[in-house]
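# Results of the structural survey
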Amino acid sequence: MTSEVTRGPINLVVLGPPGAGKGTQAVEFARRHGIPKISTGDILRDAAQSETDLGQRAKVTMDAGGLVDDKLMIAIVRERLTRRDAERGFVLDGFPRTVAQAIALDELMTDQGPLTVVDIAVPDDALVERLARRRVCGQCGNATSVAAGESRNRCEKCGGELVLRSDDTESTVRERLRVYAEATKPLVGYYSSRPTFRAVDGQQSPAAVWAALNNAVDEMRATPSAADCGSERTVG
Ligand code: AMP
């Protein structure tokens, strides 16, 4: 499904717990609309692969299931949003993750048009199992789900090796879910009164979530007041 509504930039925030499928949906949405997908988790994982002090510190925090410092995350996103490719909009995956980050994002949006926020809602008990089955391609980053006992270890998109993310181990997953409930879930309350917020049921198939996500975005962008919400100013 494609978006029929093309007014102004699409500044989409995909919210949801770890394992909700944010990354998969965000990649596709960004590709369809020709806008960048900005995943703070990917940015941190890239940094962690480098030998820099910052990258190594981020890796320790990520592997423990914690959150990287707000100030650093806000600085990373601020810089990323000023790049040229974000002028026509962007999809944010994994940011904001705290109310402080959401407030900072609203401040950044004064020059970028309104935010559109979609929460992919999935209950906790479904997430632990989903994350245990998640594998990511070490080469292209594509995420996939393997069935219990399945020996598939090659990415269907590029043939790269499928690996378990270092923070998808059971103890780290539990900590990530705890941190999500404490620090990130309050964002649903932060955004939910806006006409540019929708929740979609993340327990459907990825194709059904995709359809619901696109419907939600189209509906919000067709709402006249949407252009006035989520930022002080609007871009015509
Ligand atoms: P993700 O790929 O979005 O699941 O992120 C992986 C990990 O990166 C998280 O568990 C955090 O440790 C860290 N991280 C990603 N985005 C943020 C953020 N916006 N604020 C703080 N930490 C983050």
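Above: the structure in question.
Counting restarts for each chain: residues are numbered from 1 in the order of the written sequence. The predicted nature of this model means local features are confined to residues of pLDDT at least 70 and side-chain atom pairs, given and counted, to a pLDDT of 80 or more, with totals for whole chains, interfaces and linings taken over all residues. Hydrogens and waters are ignored; side-chain quantities use all the structure's heavy atoms.

### Observations concerning helix H2 (residues 40–49)
Among all positions in H2, only Thr40, Gly41, Leu44 and Ala48 are buried. Here the buried residues of H2 occupy an arc of 100° about the axis, which is enough to place them on one side. Turned more than 90 degrees away from the buried face of H2, the exposed residues are Asp46 and Gln49. If you follow the buried residues of H2, they end up packed against strand S2 (37–39), helix H3 (53–63), helix H4 (70–81) and strand S3 (89–93). Summary of the burial criterion: residues with accessible area below 20% of their type's maximum are buried, those above 50% are exposed, and those between are partly exposed, where the area comes from a 1.4 Å probe applied to protein chains only. In this description a helix means any DSSP run of H or I spanning at least four residues, a strand means any run of E spanning at least two, and both kinds are numbered starting from the N terminus. By construction, the arc corresponds to the directions joining the helix axis to the C-beta atoms. Note on definitions: a residue-residue contact is assigned when non-hydrogen atoms from the two residues lie within 4.5 Å.

### A closer look at helix H6 (residues 124–133)
Those residues of H6 lying buried are Leu127, Val128 and Leu131. Here the buried residues of H6 occupy an arc of 100° about the axis, which is enough to place them on one side. Structurally, H6 contributes buried residues whose contacts are with strand S5 (134–137) and helix H7 (170–184).

### Topic: the site of the ligand
If a single non-hydrogen atom of a residue is within 4 Å of a molecule or strand, that residue counts as near it. What surrounds the ligand is a group of 16 residues, the closest being Thr40, Arg45, Gly66, Gly94 and Gln101. Counted as a polar contact is a pair of N or O atoms within 3.5 Å, where, for protein atoms, one must be capable of donating a hydrogen and the other of accepting one, and residues adjacent in sequence contribute only when both atoms are in side chains. At 2.8 Å from a nitrogen atom of the ligand is found a side-chain nitrogen or oxygen belonging to Thr40. The side chain of Arg165 places a nitrogen or oxygen atom 3.1 Å from an oxygen atom of the ligand. With 4 residues, H2 is the largest single contributor of residues to the shell around the ligand. For this classification, Asp, Glu, Lys and Arg are treated as charged, while Ala, Val, Leu, Ile, Met, Phe, Trp, Tyr, Cys and Pro are nonpolar and the rest, including Gly, are polar. Among the residues forming the shell around the ligand, the class breakdown is 6 nonpolar, 5 polar and 5 charged.

### Points about the packing of helix H1 (residues 22–33) against helix H9 (residues 206–222)
At their nearest, the axes of H1 and H9 sit 11 Å apart, and the two run at 55° to each other. Considering the angle they form, H1 stands oblique to H9. As H1 packs across H9, the resulting crossing turns out to be right-handed. Contacts between H1 and H9 pair Gln25, Glu28, Phe29, Arg32 and His33 from the former with Pro206, Val209, Trp210, Leu213, Asn214 and Val217 from the latter. Axes here refer to lines fitted to C-alpha atoms; in helices the fit is confined to the stretch in contact. Angles between the N-to-C directions go from 0 to 180 degrees. Orientation categories follow fixed angle ranges, with anything under 35 degrees roughly parallel, anything over 145 roughly antiparallel, 65 to 115 roughly perpendicular, and all other angles oblique. By definition, any crossing whose near helix is turned counterclockwise from its far helix by less than a right angle is left-handed, and any crossing with a clockwise turn is right-handed.

### A short note on the pattern of salt bridges
Criterion for a salt bridge: a side-chain nitrogen of Lys or Arg within 4 Å of a carboxyl oxygen of Asp or Glu. Counting across every chain of the model gives 22 salt bridges. With its nearest N and O atoms 3.3 Å apart, the salt bridge here joins Glu28 to Arg32. Of this pair, Glu28 and Arg32 both sit in helix H1, 4 residues apart, which is roughly one turn of that helix. Accessibility expressed as a relative area gives 22% for Glu28, which makes it partly exposed. Given a relative accessible area of 38%, Arg32 falls into the partly exposed group. Close ionic contact of Arg178 with Glu175 constitutes a salt bridge, the shortest N to O distance being 2.9 Å. With Arg178 and Glu175 both in helix H7 and 3 residues apart, this pair spans about one turn of that helix. Of the residues examined, Arg178 reaches a relative accessible area of 42% and is grouped as partly exposed. Glu175 gets classed as partly exposed once you look at its relative accessible area, which sits at 24%.

### What to know about the sheet that holds strand S4 (residues 116–121)
One key point about sheets: their strands pair by backbone hydrogen bonds, in either a parallel or an antiparallel sense. With parallel pairing, 5 strands are arranged side by side in an open sheet as S2-S3-S1-S4-S8. Of all the strands in the sheet, the pair left with one neighbour each is S2 and strand S8 (197–201). Geometrically, the sheet is characterised by an average inter-axis angle of 20° between neighbouring strands, direction not taken into account. Both strand S1 (residues 10–15) and S4 contribute to a ladder of 4 bridges, which runs parallel. Within S4, the position partnered with Leu15 by the bridge is Asp119. Strands are labelled as partners when DSSP assigns at least two bridges between them.

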